[in-house]
Amino acid sequence: MATRQMRKLQKQQELLRLQSEADREDDEPEDEPIVTKPRPNAFAGFSALGGGDDDDDDDQDTEEETKQVEEAPKPVAPATKSKKSKKKKKKGKKTESPAPEEDDLDEIDRVLEELNLKENKNSASDTSTSNAAKSTGQINELLRVNFQHLKALNEMRKLFGSAIEAARAEQAAEANSRQQQRGAARQNVDLETFLSVPPAVQQRLGKRTMFETVLRTNPFIEGKKTWPRDSTRGLKMVRVTESCDGVPGVAEFAFSHDKTYDALEGNFYGLVQMYDPMQLVYFLARYPYHVSSLIQVSKVAHNDQNSYLAHDLIERALFTFGRVTLSDFRKRLGEGTARLDFNRPENRQFFLAGYNQIKNLVLKGTYRTALEWAKFVLSVNHDDPYGVLNWVHVLAIRAYEAKWFIELCNSPLIANEDIGPYFKATLPLAKLQLKDHAGARAAAIESIERLPWLFSALFSALNLDTPRSVWGVQPRDDEEALHTKLYVHLAKDLWNNPAATLLLNEAANAARKVDFFGLPPSPVVSLATARFVYLDNTPELMSAVPRKILHTASPNFDFDPLPPPKEENIFSSPTQKMPWAISEGDGEHRQTRLREEAALQMVRGRLNEEQLRAAVDEARARIDDPEADEVQRGVWQRMVDILTGQGWTGGAGEGVAEEGGEGERRQRGDVMPGGWEDDFDEGWGDDDFDDGEDHWYEDQLDPELELEFGPGGTPNRRATVEDADDSDEEEAARR
């Protein structure tokens, strides 16, 4: 046993020596492998003298130790020769089969190649995703919204100081005095007076209600005391997804309509088909925060040359949107990560109101506020559905935001837009504003060589001598002609100053005359550009829009101009499809509706009060019938609206007979603009009916409305809601 133990110790020492030599070879590699031979066993001579048991044990131990040596890692290439035949056979088995090893190596190489290909594909997709996220992040950073710049009053205070407050107080005093005089003399009132809260009611309400807080804390628009107190009637905002277009960190939101607001939308569509703007005014007076009515009546006021009222109604529409926004939406606006889908009809009303707000702010000269609203509209939808980028390059120079504009020109947002070259034509003015004359000259030369027809038209518009490099160059097609006219129309005044004209002449004289037929093709006129031109309503530009876009659009209403095709829309209720249904069967639908209105008016004029009450009760019972469908309920609801004097028809000649008169008629309903009397008095808005009569349509009106009834029980004018921002549950409980 002692012999076996000594032999094991010797083998362990041999293994340690081999491992140390292998480590040295790794540190100092050589061309020739070192062949090591095992040392002879010093006790091998005693094997012939000993017994067989010891020999057998020794042989067995030797074989076990040899296996351990073979299984140990060997850094040397050639195998050592052994004296025993068993060792040679085992070595031979390992070295005589090189073919399977080569096959294994080929298989391993093939698997490694496949893994490399997969890794390359994954890395490429990861790279594209990271690039897209980086581009989106850069755009989001540029289009972050600052809520302080959304309110024009802040910019006016910065420009005019405390004088603006004195001017506002004087204007309010004049308006109150004018309304009081009209009320005392019972003169006719205009739209502005009719749609605002009378001074007596403003003084009576004071600051008792929480609506005063709502007026001050709106994130978009600072409210006015002349606006009626009312709720949003079911307009809300919801979060659609946590990510938009697969971009992480960007959330999509949407405005939504509940059943109450959806019913108002259906009534509004019917009113539009009557082609009577006064009916829309009646409807808006009853529902002062219905957005579609605000936008449509704003158009009516604009056509009536009342720009102040038109702007006031657009601000009220944006104020309504601000009341229902979610806190997460407002937070993400400050980060540039909130989105609104233009294909949703509810969202399109916001985009349209935003466009009109920008246009009105430009007319007022508050360019910094207009630029912030343009950033707002672009931030929530990078596709720019209303072509607001056509305003941005002008507003950036007007608002002295040249540095921001240069960063925007270098961003992926402009690189992906077809109007990019026209947008960058204003880049020389931005660099000139930053006193970078060399950069401005280089940018101007580049733009002139890229768009020679644009600068040829600009020289003509500025009454300057056209240089040789752009002389006689005309747009190559109708698309270039439209973009050229649009740019000159918007940006001509930016170049009409000595510094800009000097830069223009220097750059044009230094530019080379290019073969403009070899330039890149012109961008196709997009639907967004067509919407911008349609809303701008300049005849010269309207005539340049391709006929297939502008004149074949159906439907096309002022409250939703040139909407996307029907199949691209995301409808949340059947009511939102009504404009397409009206357009597809326009003539028949309108004639049928008008015949219904005329027939109901004839019936209403021949019934006394008791018969009228019975007819309304019957109609309301039909509405509450659970077996009636939506269409039938809509018909009966129209009948109730018309018979109670709250509906779509009526006006200056319509009314209910007075109790003391014989055939004498009084005009129905509220006091109307353009020839209607002003019935305001100190008790306007009180809900105590002191004429001693039981008014049957008291229960037909909203319980939160306070009304004054005139002779014969006719409602003169709707009043205000004490609490405008009650929750839906509280409003339903009151009802």
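Model, not experiment: these values are computed from the prediction.

Chemist: Is there a simple way to explain unusual backbone geometry in this structure?
Modeler: Glycine aside, a negative phi is what most residues show, and trans is what most peptide bonds show. Positive phi is not limited to glycine here, since Asp 384 has a value of about 55°. Positionally, Asp 384 belongs in the loop between α16 (367-380) and α17 (389-398). A positive phi is found at Leu 562, a non-glycine position, where the angle reads about 45°. Topologically, Leu 562 is positioned in the loop between α28 (547-550) and α29 (578-584).

Chemist: Just to check I follow, could you spell out the pairing of strand β2 (residues 251-257) for this structure?
Modeler: Working note: regular strand, side chains alternate between the two faces of the sheet. For β2, a buried count of seven out of seven residues is recorded, marking the element as mostly surrounded by other parts of the structure. Residue alternation in β2 divides its side chains into two sets, Ala 251, Phe 253, Phe 255 and His 257 and Glu 252, Ala 254 and Ser 256, and both sets are buried. Relative to strand β3 (residues 338-340), β2 runs parallel, the two sharing three bridges. Looking at the pairing, Phe 253 lines up with Leu 340 of β3.

Chemist: When you look at helix α23 (residues 452-461) in this model, what are you seeing that I'm missing?
Modeler: Residues lying three or four places apart along an α-helix face the same way, a consequence of the helix completing one turn every 3.6 residues. The buried fraction of α23 is high, at seven of 10 residues. Buried within α23 we find Pro 452, Trp 453, Leu 454, Phe 455, Ser 456, Leu 458 and Phe 459. The secondary structure elements touched by the buried residues of α23 are α20 (420-423), α22 (437-450), α24 (478-495) and α25 (498-510). Looking one or two residues past α23, Asn 463 carries a phi angle of roughly 60°, positive in sign.

Chemist: Sorry if this is basic, but what is going on with the pattern of salt bridges here?
Modeler: Side-chain pairs of opposite charge can arise where the charged atoms are in close proximity. According to the stated counting rule, one finds 14 salt bridges in the structure shown. Between Asp 230 and Arg 233 there is a salt bridge; the shortest N-O distance is 3.2 Å. When sorted by exposure, Asp 230 lands in the same class as Arg 233, which is buried. A single network of salt bridges, built from pairs that share partners, joins Arg 368, Glu 372, Lys 375 and Glu 401.

Chemist: Just checking my understanding: could you explain the side chain of His 311 for this structure?
Modeler: Inspection of the secondary structure assignment puts His 311 in helix α13 (residues 307-324). Take His 311: its relative accessible area is 9%, and that puts it in the buried class. Side-chain polar atoms of His 311 contact the side chain of Gln 357, separated by 3.3 Å. In contact with His 311, other than residues within four places in its own chain, are Gln 357, Asn 360, Leu 361 and Lys 364.

Chemist: Sorry if this is basic, but what is going on with the environment of Glu 417 here?
Modeler: If you trace the backbone, Glu 417 turns up in the loop between α19 (412-415) and α20. In this structure Glu 417 comes out as partly exposed when scored by relative accessible area, which is 22%. Contact partners of Glu 417, with chain neighbours within four places excluded, come to His 382 and Leu 389.

What counts and how
- Residues numbered from 1 in each chain as written.
- Predicted model: local features only at pLDDT ≥ 70, side-chain atom pairs only at ≥ 80, totals over all residues.
- Heavy atoms only, no water.
- Helix = DSSP H or I, 4+ residues; strand = E, 2+ residues; numbered from the N terminus.
- Buried < 20%, exposed > 50% of the residue type's maximum accessible area, 1.4 Å probe, protein only.
- Pairing = 2+ DSSP bridges.
- Contact = heavy atoms within 4.5 Å.
- Salt bridge = Lys/Arg side-chain N within 4 Å of Asp/Glu carboxyl O.
- Polar contact = N/O pair within 3.5 Å; in protein donor to acceptor, adjacent residues only side chain to side chain.

Nothing here speaks to function; it is geometry throughout.
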